[in-house]
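# Examining the three-dimensional arrangement
Letter by letter, the chains look like this.
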There are 2 protein chains.
Amino acid sequence: MQHSYESVREGTEMKIRIAILGYGNLGRGVHCAIRQNADMELVAVCTRRAPEQVETVWDVPVIHVDELMAWQDKIDVLVLCGGSATDLPGQTPCYARHFNVVDSFDTHARIPEHFAAVEEAAGQGGKTAMISVGWDPGMFSLNRLYASAILPQGKDYTFWGRGVSQGHSDAIRRIKGVRDARQYTIPIQSALDSVRRCENPELSTAQKHVRECFVVPEDGSDLEQIEKEIKTMPNYFADYETTVHFITQEELDRDHAGIPHGGLVLRTGYTGACGEHSHVVEYSLKLDSNPEFTACVLVAYARAVHRMHLRGVVGCKTVFDVAPADLSPMTPEEMRRTLL
Amino acid sequence: MQHSYESVREGTEMKIRIAILGYGNLGRGVHCAIRQNADMELVAVCTRRAPEQVETVWDVPVIHVDELMAWQDKIDVLVLCGGSATDLPGQTPCYARHFNVVDSFDTHARIPEHFAAVEEAAGQGGKTAMISVGWDPGMFSLNRLYASAILPQGKDYTFWGRGVSQGHSDAIRRIKGVRDARQYTIPIQSALDSVRRCENPELSTAQKHVRECFVVPEDGSDLEQIEKEIKTMPNYFADYETTVHFITQEELDRDHAGIPHGGLVLRTGYTGACGEHSHVVEYSLKLDSNPEFTACVLVAYARAVHRMHLRGVVGCKTVFDVAPADLSPMTPEEMRRTLL
């Protein structure tokens, strides 16, 4: 599979030309990640804002989204760095008609419909699109797939955290009297231990996680009322063991400025003539910066998208469709010698 | 990529026809694993012994290795369950000329030459061969590849254990005055903790592991001399912190009959404009039965070998070349809906 790629690039010093659409935390992370990969270059940042208002981490052309189509021949892969709620459902199908794209669409329940829209668009345009790339969906999904294929008789568990949930933080900020807030999702250790002991517990999301909230109240607001509103909020908090800490804006800015996250995927399974042997497969991530790690995954898969496109692969793909070798800048020989 | 496979199998109830060559612990494990996969059937066990002397876990035709060629049209994938030291270097190239094969060749340093021999044979025969499938090499290799592709600026660590090392157990058994022995390789917790704290330690294999030996002496043998010979044995024990326990054969049989193993692969990496954010990616296995888990990995990759062969893929491949989707019996739609 590697050969056609090698022959296309052989003897050239061409780098994979990447463009970023959307320059928030994720877009900035992609910019940083590209700098760590010698076989890639960032050719443009594309924005819906006025380009002169976008400050990039390093110097790079910033263009308005209206100009993007004129760059079609200058871009190998367009990395879409918008949000899953409102940006990507429109953007990915739209741009997959004209560019090879990769996105981090992470609304699990809507992946089938997003896939269908992107599959149609990329097929019509003869392009290669990759959706739902990141860590969940993404690396966690891969580990669920590998472990379930290897241990068909078993049970999967996913734990998230300790990490900041943007959605839950936003939900708290919408409460009257709240100036700012940060919510951490934290795995429950006893639930995790039970899984690791192969006790096969049945666990709801609320039985696997607690929620810790750091809240900056407006002056003179009713703290008791705020706490009650948080703890009884349906879907977000009502089912969970939730703790609320009131702190100052200074404390929030000093102690909770980061965007850490992570989590664990486990599968416990049984083998032998009577299922007498048990096995625990565990994958975990501890991330200082959720968007920067997601960006790193996007960039590795941008390499795969480029190679697959050169081999004539067309349509919408996911991490399940990518041979791991396509993610690495190493040659197949080097991989077998050093990593296998 | 799934489509050609689906259309070939569509409307049929054909199962993937597997044969096992070599019916030791690994072969027995493959037999058990096939029973857990509804899309496969074991059509034959092939042996170098007298077939009537082989007791299989469930009923299945047992044939002598000399008859194997006559079964070419009845076997989709031949799973080679011999050892890496003397069996597989000859067997895999030999059979890859005539069958799609998968093996668990695990002598890391000799993978490039094994690959070359199998690549030539499979190429000549128009067959699909997969080598070095298991957990290390295998799942651990995959995790080294994924993590290094995602976090190019970082450092890899592999820890083995707690588990039985067959090679080290054998080495002890060869000492004069030793009747039986079992050796456990155990990760050093403080080394593991240092890695997890992103301290980037430089660690030799001996700085990551201790060795614990359970030894059954012959009657009247010199225990002090045995312990000294173990602890000073070059390559195997001399560099390691080693403890030796003398026990009875009854105790060994009662407490150390299993073949557990496992280990961890970690990568710590750095992102951001100045590498200011650190990340820990960790994959771990805790296995009650080393051969049965290895067998499960072999069987999942046998599925992939079969599918890739139907798509016209020829030659020697490794886990790096296999799109994860090819390991699963699920349809692409089902995978995206339930695992992504």
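Residue positions within a chain follow its written sequence, with the count starting from 1. In the order they appear in the text, chains get letters beginning with A and ligands get numbers beginning with 1. Residue-level local features of this predicted model are given only where pLDDT is at least 70; pairs of side-chain atoms are given and counted only at 80 or more, and the full residue set underlies all totals for whole chains, interfaces and linings. Where side-chain values are given, they derive from all heavy atoms of the structure, hydrogens and water being excluded.

### Observations concerning the overall build of chain A
- Helix and strand counts for chain A come out as 12 helices and 14 strands.
- Each principal axis of the C-alpha atoms in chain A carries an extent, and together these give about 65 × 65 × 35 Å.
- Per-residue accessibility, obtained with a 1.4 Å probe over protein chains only, is compared with the maximum for each type, and a residue is labelled buried under 20%, exposed over 50%, and partly exposed between these values. The buried share among the 340 residues of chain A stands at 58%.
- Here, two residues are considered to be in contact whenever any of their heavy atoms come within 4.5 Å of each other. Residue pairs at least 24 apart in sequence account for 68% of intrachain contacts in chain A once pairs closer than 6 positions are excluded.
- Only the protein chains shown count as cover for residues, with accessible areas throughout obtained via the Shrake-Rupley method and a probe of 1.4 Å. As displayed, chain A has an accessible area near 13900 Å², and 48% of this comes from carbon and sulfur atoms.
- Neither His nor the chain ends contribute to the count of charged residues, in which Lys and Arg are positive and Asp and Glu negative. Charged groups are reduced to one reference atom each: NZ for lysine, CZ for arginine, CG for aspartic acid, CD for glutamic acid. In chain A, 34 side chains carry a positive charge and 46 a negative one; their mean positions are 2 Å apart. Secondary structure elements are taken from DSSP: a helix is a run of H or I of four residues or more, a strand is a run of E of two residues or more, and numbering for both begins at the N terminus.

### With respect to the interface of chain B and chain A
- The partner chain A presents 68 residues to the 68 residues of chain B that form the contact.
- A quick way to say it: buried area is the sum, across both parts, of accessible area lost when two parts are put together, with a 1.4 Å probe. Both faces considered, chain B and chain A share a buried interface measuring about 6000 Å² in area, 64% of it formed by carbon and sulfur atoms.
- The largest share of the area that chain B buries against chain A comes from B:Gln36, B:Ile150 and B:Leu340, three residues that together contribute 14% of it.
- Any Lys or Arg side-chain nitrogen found within 4 Å of a carboxyl oxygen on Asp or Glu counts as a salt bridge. Remark: the boundary between chain B and chain A carries zero salt bridges.
- Whenever two N or O atoms come within 3.5 Å, that pair is a polar contact, provided that in protein one can donate a hydrogen and the other can accept it, and provided that, for residues adjacent in sequence, both atoms are side-chain atoms. Here chain B and chain A share 25 residue pairs in polar contact (both at pLDDT 80 or more) between them.
- Elements with a contribution of two residues or more to the side of chain B that touches chain A: helix H4 (111-125), helix H5 (139-150), strand E12 (261-271), strand E13 (277-287), helix H11 (290-310) and helix H12 (332-338) of chain B.
- Ranked by the residues each element gives to the side of chain B that touches chain A, the list is headed by E13(B), at 11 residues.

### A word on the state of the cysteines
- Sulfur atoms of two cysteines make up a disulfide when they are within 2.5 Å. Counted under the stated rule, the structure contains zero disulfides over all chains.
- With no disulfide of its own, A:Cys32 lies closest to B:Cys274 among cysteine sulfurs, the gap being 8.3 Å.
- Among the cysteines around B:Cys94, which has no disulfide bond, B:Cys46 carries the closest sulfur, lying 11 Å off.

### What about H5(B)?
- One less than the number of residues in a helix, times 1.5 Å, gives the span that helix is expected to have. In a regular helix each residue adds 1.5 Å, so 12 residues correspond to 16 Å; H5(B) covers 17 Å between its end C-alpha atoms and thus fits that length.
- With respect to burial, H5(B) is a largely interior element, 12 of its 12 residues being buried.

### Comments concerning the relation of the copies chain B and chain A
- The least-squares superposition of copies is restricted to C-alpha atoms, and to residues with a pLDDT of at least 70 in both copies. Here chain B sits on chain A after a turn of 180 degrees about the axis and a move of 0.0 Å along it, with an RMSD of 0.1 Å. Seen this way, the second copy is the image of the first under a two-fold rotation axis.
- Of all interface residues in chain B, 100% are interface residues in chain A too; the two copies therefore contact each other through one and the same surface.

### Some thoughts on the sheet that holds strand E10 (residues 209-217) of chain B
Residues and elements named next belong to chain B.
- A pair of strands is treated as paired once DSSP finds two or more bridges between them. Overall, mixed pairing links the four strands, which are arranged E8-E9-E10-E11 in an open sheet. Whereas interior strands pair on both sides, the edge strands pair on one side only; in this sheet they are strand E8 (163-164) and strand E11 (241-246).
- Examined bridge by bridge, E10 and E11 share six bridges and lie parallel to one another. Note that in E11 the partner of arginine 211 across the bridge is threonine 242.
- Every axis in this analysis is a line fitted to C-alpha atoms, fitted for helices over the stretch in contact. Angles between the N-to-C directions lie between 0 and 180 degrees. Each of strand E9 (178-187), E10 and E11 touches helix H9 (residues 223-231); the most contacted strand, E11, lies at about 150 degrees to it.

### Concerning the nonpolar core
- Within the largest apolar cluster, 161 residues are counted, with the highest numbers of intra-cluster contacts made by A:Leu78, A:Tyr301, B:Leu78 and B:Tyr301.
- Beyond its immediate sequence surroundings of up to four residues, B:Leu78 is in contact with B:Ala19, B:Ile20, B:Leu21, B:Leu68, B:Tyr95, B:Phe99, B:Asn100, B:Val101 and B:Val102. To qualify as a nonpolar core, a set must consist of buried Ala, Val, Leu, Ile, Met, Phe, Trp, Tyr and Cys residues joined through side-chain atoms within 4.5 Å.

### Digging into helix H3 (residues 88-96) of chain A
- Those residues of H3(A) lying buried are A:Leu88, A:Gln91, A:Thr92, A:Pro93, A:Tyr95 and A:Ala96.
- Its buried side turned inward, H3(A) meets strand E1 (16-21), strand E4 (77-80), strand E5 (101-102), helix H4 (111-125) and strand E6 (128-130) of chain A.

### Quick notes on unusual backbone geometry
- A cis amide bond, omega -5 degrees, links A:Gly161 with the succeeding residue A:Arg162.
- By secondary structure assignment, the location of A:Arg162 is in the loop between strand E7 (154-160) and strand E8 (163-164).
- That bond from B:Asp136 to B:Pro137 is cis: its omega, 5 degrees, falls within 30 degrees of zero.
- Along the chain, the position of B:Pro137 falls in the loop between strand E6 (128-130) and H5.
- In this structure, A:Cys198 is a non-glycine residue whose phi angle is positive, near 60 degrees.
- Since its relative accessible area comes to 17%, A:Cys198 is described here as buried.

### Points about the packing of helix H5 (residues 139-150) of chain A against H11(B)
- Running from N to C, H5(A) and H11(B) point in directions that differ by 105 degrees, and their axes come no closer than 8 Å. Considering their axes alone, H5(A) and H11(B) lie roughly perpendicular with respect to each other. Every residue of H11(B) that contacts H5(A) at A:Tyr146, A:Ala149 and A:Ile150 is listed here: B:Phe293, B:Cys296, B:Val297, B:Ala300 and B:Tyr301.
- Gly is placed with the polar residues, together with every amino acid not listed as nonpolar (Ala, Val, Leu, Ile, Met, Phe, Trp, Tyr, Cys and Pro) or charged (Asp, Glu, Lys and Arg). In terms of residue class, the contact of H5(A) with H11(B) is built from eight nonpolar, no polar and no charged. For classification, angles of less than 35 degrees are called roughly parallel, those exceeding 145 degrees roughly antiparallel, those between 65 and 115 degrees roughly perpendicular, and all remaining angles oblique.

### Re the environment of A:Ile150
- Here A:Ile150 shows up in helix H5.
- Considering only alpha carbons, one finds A:Ile150 and A:Gly269, 119 residues apart in sequence, at a separation of 8.9 Å.
- Those residues in contact with A:Ile150 that sit more than four places away from it in its chain are B:Met139, B:Phe293, B:Cys296, B:Val297 and B:Ala300.

### Details of the confidence of the model for chain A
Residues and elements named next belong to chain A.
- Scored by pLDDT, chain A has a mean of 95; 96% of the residues are at 70 or more.
- This stretch, residues 1-11, has a pLDDT under 50; its non-local contacts, to residues over four places away or in other chains, come to 19 contacts.
- If you check the scores for this complex, the pTM reads 0.95 and the ipTM reads 0.95. Here pLDDT means the predictor's own confidence in every residue, given as a number from 0 to 100.

### Description of the packing of H3(A) against H4(A)
Residues and elements named next belong to chain A.
- Relative to each other, H3 and H4 sit at 20 degrees, their axes nearing to 7 Å. Classed by the angle they form, the pair H3 and H4 counts as roughly parallel. The way H3 lies across H4 gives a crossing that is right-handed. Only His114, Ala117, Val118, Ala121 and Ala122 of H4 make contact with H3, whose side of the interface consists of Leu88, Pro89, Thr92, Pro93 and Ala96.
- Across the contact of H3 with H4, the residue classes break down as eight nonpolar, two polar and no charged. A clockwise turn of the near helix away from the far one marks a right-handed crossing, whereas an anticlockwise turn of less than a right angle marks a left-handed crossing.

### Some thoughts on the pairing of strand E13 (residues 277-287) of chain A
- The buried fraction of E13(A) amounts to nine of the 11 residues, a majority that puts the element mostly inside the structure.
- Across 11 bridges, the pairing between strand E12 (residues 261-271) of chain A and E13(A) is antiparallel. The residue bridging A:Thr271 from the neighbouring strand is A:His277, located in E13(A).
- Taking the residues between adjacent antiparallel strands as the criterion, E12(A) and E13(A) are bridged by five residues, where A:Gly272 takes a positive phi near 100 degrees.
- Pairing of E13(A) with E13(B) involves nine bridges; the strand directions are antiparallel. Across the sheet, A:Leu287 pairs through a bridge with B:His279, a residue of E13(B).

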